[in-house]
Amino acid sequence: MELRRVVVTGLGSLTPIGKTTAEFWDNLEKGVSGGGIIPYFDVSKFKTKIGCCLKGFDPTDYLDKKEIRKLDPYSQYALVAAEEAVRDSGLEESKVDKTRVGVIWATGVGGIDSYAKAMMEYCAGDGTPRFSPFLIPLIIPDLAAGHLSIRWGYRGPNYTVVAACASSTNSLIDALTYIRLGKCEVVLTGGSEFPFCIPAVGGFSAMKALSERNDDPEHASRPYDKDRDGFVMGEGAGALIFEELEHAKRRGAKIYCEVMGGGMSGDAYHISAPHPEGLGVIQVMNECLKDAGLRPEDIDYLNTHGTSTPLGDVAELKAIQVVFGEHAYRMSISSTKSMTGHMLGAAGAAEAIACIAAIQRGFIPPTINHFTDDPEIDPRLDLTFNKAKKREVRTAMSNTFGFGGHNSSIIFRKYEE
C-alpha cells in the first residue's frame, strides 16, 4: 500500500514567548526567555517559585465570559491556538467535507487546575458536596478535543493522547498516520497544558524535578549547562493543521512543509529516569528515520527534548551520537525549552512549530542560558548556545520524552513537488 503524503497547512501558537506563531518565531530567533515568578497563587512557601508563564494573556480577548467559566485553562488555550491554526489554513473558506476532518489533541495533566480548586473548596467547607455541574467537563483530559470538534463541526476521528511530556508529538504522529492511511483528509492536531496549580507545582517540586533558581528565573532553564538544576515548567498550546497533499493543492492551501515520518518507543525501565544506555531514545530516533525513509545525514537540525535536568540532557546527547555517528557533529542541535520552559503535554507541538520556523526562516533557534560547559558533554556537538544562527534547514527532527518511558520523534522537511 502506497502511503499518502502529508503536509502542514496551518499553525497556531500560544507560548510563554509569543501569543501568535509570528511572535513565537520572532522571539525564538531573538533568544527571548519566558521565565518569571509564577503569578497564579502564593508561591512564597514553595521551593520552586518560578515558571515560564503566558505574558499578557486574557481569555476574554478570545472567548465569551460565559464560555470561559465552562473551560479549564488547558481547554481555553487549545481553542485559542486552534483558532489561529484554522484561520491560517484557510479551511473555513474552503468547501471541506467535515466528516473527513479529525481532531487529535494532547495534554499531559488535563484539567488538574479545576480539580485542585474544587477539592480545596470542598475541604475548606463543612463536608457538604457542593460541586459545579461543569466540574467533570472541566477536568477530563479529552474535553479540549471535544470542544475543538464542536467549535468547527469536525466529525472525523476525535480523541485525546496522554503520554506525559511526549503527548503532543504522539498526537502529531497519530494525525500523520490517519491521513497517510486514507482515514482523514485533514486533522487538527497539537496539545495544550496549564500545570500551574498548587498540587502540580508542589508535586513536581517534591520529585526534585524543578529548578529552584528562584532569584534568576529568566536564566533558570539552562539545558546542557554544567549548573542546570532541573526543568522550568511552562504552559500554553501549539496547534497544527495536517493535510493530505493533493487535498491541500486542490484548495490552493499554502504549504509550510511536509511531514516525513514519526517514531515511538518505550524505555521499559523507570517511571522518571532515562534508561542509562539510552536504548529507548536510540530506538525511537532510528524508527523515525526509517519511517521517514531518510538517513541520519539527511537531518540538518534536531530540536532535542533537552529539559535542563542533570541526567536527561546528557543521556539524550549520547543517544544522538550513537544514532547519527559523525553526522552528529555536522548538524545543528538546540533545546527551545531554554526559552519556553517545559510545556509538558504541549511541548511536542510547540517544538514542532519551532522546527517549522527553522525550515521556513532558515535559522537555528538557540539554546539560551549557557554559561559553563559540562565536561560530560562532547564539545564537538553544535548546541547553538545563546545566539540563533543562520542556516538553511531542509529537514528537521524533534524529540520528546515523557515520564513512564514514553519516547517520540517526528521529522519535517521542506516541501518539494
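Above this note sits the structure.
Every chain is numbered on its own, with residues counted from 1 as its sequence reads. Owing to the predicted nature of the model, reporting of local features is limited to residues with pLDDT of at least 70; listing and counting of side-chain atom pairs is limited to 80 or more, with chain, interface and lining totals taken over all residues. Only hydrogens and water are set aside when side-chain values are computed; all heavy atoms of the structure are taken into account.

Q: Got a sec to walk through the packing of aromatic side chains? Specific residues and values, please.
A: Ring pairs shown here join Phe, Tyr and Trp side chains whose ring centres sit within 6.5 Å, with only the six-membered ring taken for Trp; geometry is labelled stacked below 30 degrees between planes, edge-to-face above 60, and tilted in between. A full pass over the atoms with the stated rule returns 13 aromatic pairs. Plain terms: the ring middles of tyrosine 40 and phenylalanine 194 are 5.0 Å apart, the flat faces sit at 80 degrees to each other, and that makes the pair edge-to-face. Note that tyrosine 40 is positioned in the loop between β2 (35-37) and β3 (50-52) and phenylalanine 194 in the loop between β6 (186-193) and α8 (198-206), a separation of 154 residues in sequence. By relative accessible area, phenylalanine 194 is classed as buried at 4%. Here the aromatic rings of phenylalanine 57 and tyrosine 62 are separated by 5.4 Å at their centres, their planes lie at 20 degrees, and the arrangement is stacked. Judged by relative accessible area, which is 38%, tyrosine 62 ranks as partly exposed. An aromatic cluster of three or more residues is present, and its members are Tyr40, Phe57, Tyr62, Tyr77, Phe194 and Phe196. In DSSP terms, a helix is any run of H or I states spanning at least four residues, a strand is any run of E spanning at least two, and both are numbered starting from the N terminus. Here's how the labels work: a residue is buried when its accessible area is under 20% of the maximum for its type, exposed when over 50%, partly exposed in between, all with a 1.4 Å probe on protein chains only.

Q: Can you tell me about the sheet that holds strand β5 (residues 158-161), naming the residues and giving the values?
A: Two strands qualify as a pair provided DSSP detects at least 2 bridges between them. Reading across from one edge, β5-β4-β6-β7-β1-β8-β14-β13-β9-β10 is the order of the ten strands in this open sheet, with mixed pairing throughout. The open sheet is flanked by β5 and β10 (332-334), the only strands paired with a single partner. Strand-to-strand twist across the sheet, computed as the mean angle between neighbouring axes with direction ignored, equals 25 degrees. Summarising the sheet, strand β8 (residues 257-266) and strand β14 (residues 406-413) pair through eight bridges and their orientation is antiparallel. Along β14, the bridge assignment pairs glycine 262 with isoleucine 410. The strands touched by helix α13 (residues 347-361) are β1 (6-14), β6, β7 (236-244), β8, β9 (301-303), β13 (395-402) and β14; relative to β13, the strand with the most contacts, the crossing angle is about 165 degrees. Fitted lines through C-alpha atoms give the axes, limited to the stretch in contact for helices. The angle between two N-to-C directions lies from 0 to 180 degrees. Contacts between residues were defined by any pair of non-hydrogen atoms, one from each residue, lying within 4.5 Å.

Q: Explain the packing of helix α10 (residues 279-292) against helix α11 (residues 310-324) to me, using residue names and the numbers behind them.
A: How two helices pack is summed up by the angle between their axes together with the distance between the axes. Running from amino to carboxyl end, α10 crosses α11 at an angle of 45 degrees, the nearest separation of the two axes being 9 Å. On the basis of their axis angle, the class for α10 and α11 is oblique. Crossing of α10 over α11 shows right-handed handedness. Along the contact surface, α10 presents Val281, Ile282, Met285, Asn286 and Leu289, while α11 presents Ala319, Ile320, Val322, Val323 and Phe324. Split into classes, the residues belonging to the contact of α10 with α11 amount to nine nonpolar, one polar and no charged. When an angle is under 35 degrees it counts as roughly parallel; over 145 it counts as roughly antiparallel; between 65 and 115 it counts as roughly perpendicular; any other value is oblique. By definition, turning the near helix anticlockwise from the far helix through less than a right angle yields a left-handed crossing, and turning it clockwise yields a right-handed one. When residues are sorted by character, Ala, Val, Leu, Ile, Met, Phe, Trp, Tyr, Cys and Pro go into the nonpolar class, Asp, Glu, Lys and Arg into the charged class, and all the rest, Gly among them, into the polar class.

Q: For the pattern of salt bridges, give the residues involved together with the corresponding values.
A: Whenever Lys or Arg places a side-chain nitrogen within 4 Å of a carboxyl oxygen from Asp or Glu, that contact is recorded as a salt bridge. Scanning the entire structure with this criterion turns up 25 salt bridges. Arginine 180 is paired through a salt bridge with aspartate 291; the nearest N and O atoms lie 2.9 Å apart. With arginine 180 in helix α7 (residues 167-180) and aspartate 291 in helix α10, this pair connects stretches of sequence that are 111 residues apart. Using a relative accessible area of 9% as the deciding quantity, one classes arginine 180 as buried. The residue lysine 249 makes a salt bridge to glutamate 246 at a minimum N-O spacing of 3.6 Å. Taken as a pair, lysine 249 and glutamate 246 lie in helix α9 (residues 245-250) at a separation of three residues, close to a single helical turn. The class of lysine 249 is partly exposed, set by a relative accessible area of 36%. Among the charged side chains, a salt-bridge network with shared partners connects Glu67, Glu83, Arg87 and Arg151.

Q: Which residues make up the state of the cysteines, and what are the values?
A: Covalent bonding between the sulfur atoms of two cysteines is what defines a disulfide. A pair of cysteine sulfur atoms is labelled a disulfide when the two atoms are within 2.5 Å. Scanning the model with the defined rule gives zero disulfides in all. Here cysteine 288 is not cross-linked by a disulfide; its sulfur's nearest cysteine counterpart is in cysteine 355, at 10 Å. Unpaired in terms of disulfides, cysteine 355 finds its nearest cysteine sulfur in cysteine 257, a separation of 9.1 Å. Among the residues examined, cysteine 355 registers a relative accessible area of 0% and is labelled buried.

Q: I'd like to hear about empty space enclosed by the protein, residue by residue, with values.
A: Buried and open spaces are told apart on a 1 Å grid over the protein atoms alone, a cavity being a set of points where a 1.4 Å probe fits but cannot get out and a pocket being an open set with protein on both sides within 12 Å along at least five of seven lines. Residues with an atom within 4 Å of a point are the lining residues. Grid points are joined across faces, edges and corners, and a volume is the space filled by probe spheres set on the points. All chains considered together, the criterion is met by one cavity of 30 Å³ or more. Its volume calculated, the largest cavity comes out at about 30 Å³. Taken together, Val314, Leu317, Lys318, Gln321, Glu376, Ile377, Asp378 and Leu381 make up the full set of residues lining the largest cavity. The residue inventory of the lining of the largest cavity, partitioned by class, reads four nonpolar, one polar and three charged.

Q: Tell me about the packing of helix α3 (residues 73-89) against helix α6 (residues 143-152), residues and numbers included.
A: Closest axis-to-axis distance for the α3/α6 pair is 9 Å, and the angle between their directions is 40 degrees. Classified by the interaxial angle, the pair formed by α3 and α6 is oblique. Where α3 crosses over α6, the two elements pack in a sense that is right-handed. Facing Tyr74, Ser75, Ala78, Leu79, Ala82, Glu83 and Val86 of α3, the residues of α6 in contact are Leu143, Ala144, His147, Leu148, Arg151 and Trp152. Tallied by class, residues from the contact of α3 with α6 come to nine nonpolar, two polar and two charged.

Q: Tell me about helix α4 (residues 112-124), residues and numbers included.
A: Its 13 residues place the ends of α4 18 Å apart at the C-alpha level, agreeing with the 18 Å of an ideal helix rising 1.5 Å per residue. Residues Asp113, Ser114, Ala116 and Ala118 constitute the buried set of α4. Here the buried face of α4 lies against α3, α5 (135-139) and α8. Any helix carries an expected span of 1.5 Å times its number of residues minus one.

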